[in-house]
Amino acid sequence: MTAAMSLRVEGVTKHYRAGGLTVKAVDGLDIEIEAGTSVAIVGPSGCGKSTLLGMLGGLERPSSGRIWLDGTEISSLPEAERARIRRESIGFVFQSYDLLPFLTAQENIEFQQALNGENGSGTNGKSDHEADLIKRLGLSEHATKFPDQLSGGQRQRVGIARALAHGPRLILGDEPTGELDSETSASVLDLLLEAQETTGATLVVVTHDADVAERLGRVVTLRDGKVVSDRSAVRRA
Ligand code: ADP
């Protein structure tokens, strides 16, 4: 089991200059997320959810304030260091699955591990963990297919398998169920929660879907870049 990451957001702002105006996408956030917990970030469109998630994952740096992943202050690290942490420790699941069209499902899943310089150790060059993921995600029949031969739900599963293949300590989802019907959406969430529970990773999901949010352990609501509510949710089976 991989050790989960804790997150600490301290006085974080993110301002953008747009057409001579300053947009306060994130406006003074303080959030602590314990290792191994699951959190939904919700709020109306434009309230700063994606901007926050991008900063948690080290894709962007705050304008001011600090973000720690465990004891590492990721917000002050140069891009090369942040890229290393992203590759090694974070799994991103996006609404648009961003699969590479010229790679098969399995090659897409292996892509992140290849970036980490890891070679599979199991049969056929695949790691046992990866083979298990492909099976659990119901992708065994589809591993050699290309993205345009897969349904939307199957592409999302490949995206999830890719995000989990390297055993991330932090899983970040940006509207991971955004374009899915409610049944597929529920099963994608099942997979994320199962992955979180079996690996012990920390899970943070941005969503506008109340059904998705309620299934995570805690719901943080943003408005105009600020936290307006933070409560533990009652998990539904
Ligand atoms: P949400 O994910 O809650 O919909 P975002 O984090 O995408 O919100 O955006 C928050 C605010 O910041 C919005 O007003 C958006 O227009 C603005 N914003 C986000 N990214 C940029 C950018 N790169 N340049 C300028 N403004 C941006």
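For the structure, see preceding data.
Residues numbered from 1 in each chain as written. Predicted model: local features only at pLDDT ≥ 70, side-chain atom pairs only at ≥ 80, totals over all residues. Heavy atoms only, no water.

### Thoughts on the site of the ligand
- Near the ligand the following residues occur: Tyr16, Val23, Ala25, Pro44, Ser45, Gly46, Cys47, Gly48, Lys49, Ser50 and Thr51.
- Contact distances for the ligand include 3.1 Å between an oxygen atom and a backbone N or O atom of glycine 48.
- For the ligand, whose unbound accessible area comes to 560 Å², protein coverage reaches 60%.
- Those elements that provide at least two residues to the shell around the ligand are β2 (21-33) and α1 (49-56).
- Here the shell around the ligand takes three residues from α1, the largest share from any one element.
- Of the residues in the shell around the ligand, the class split is five nonpolar, five polar and one charged. (Near = heavy atom within 4 Å. Polar contact = N/O pair within 3.5 Å; in protein donor to acceptor, adjacent residues only side chain to side chain. Areas by Shrake-Rupley, 256 points an atom, 1.4 Å probe, with all protein chains shown as cover. Helix = DSSP H or I, 4+ residues; strand = E, 2+ residues; numbered from the N terminus. Nonpolar A, V, L, I, M, F, W, Y, C, P; charged D, E, K, R; others polar.)

### Things to note about the layout of surface pockets
- What the largest pocket holds in volume is close to 300 Å³.
- Lining the largest pocket are twelve residues, and of these Phe92, Phe94, Phe111, Gln112 and Arg162 lie nearest its centre.
- Where the lining of the largest pocket is concerned, the elements lending two or more residues are α2 (79-89), β6 (90-94), α3 (105-115) and α5 (152-164).
- The element contributing the most residues to the lining of the largest pocket is α3, with three residues.
- Among the residues making up the lining of the largest pocket, the classes are represented as seven nonpolar, one polar and four charged.
- As a volume, the second largest pocket reaches approximately 160 Å³. (1 Å grid on protein atoms, 1.4 Å probe; cavity = no way out; pocket = protein on both sides within 12 Å on 5 of 7 lines; lining within 4 Å. Points joined across faces, edges and corners; volume = space filled by probe spheres on them.)

### Re the pairing of strand β1 (residues 7-18)
- The sheet contact formed by β1 and β2 spans ten bridges and is antiparallel. Bridge pairing in β2 places valine 12 opposite leucine 29.
- Relative to strand β4 (residues 64-69), β1 runs antiparallel, the two being bridged by five bridges. Its bridge partner being in β4, arginine 8 is matched across the sheet by tryptophan 68. (Pairing = 2+ DSSP bridges.)

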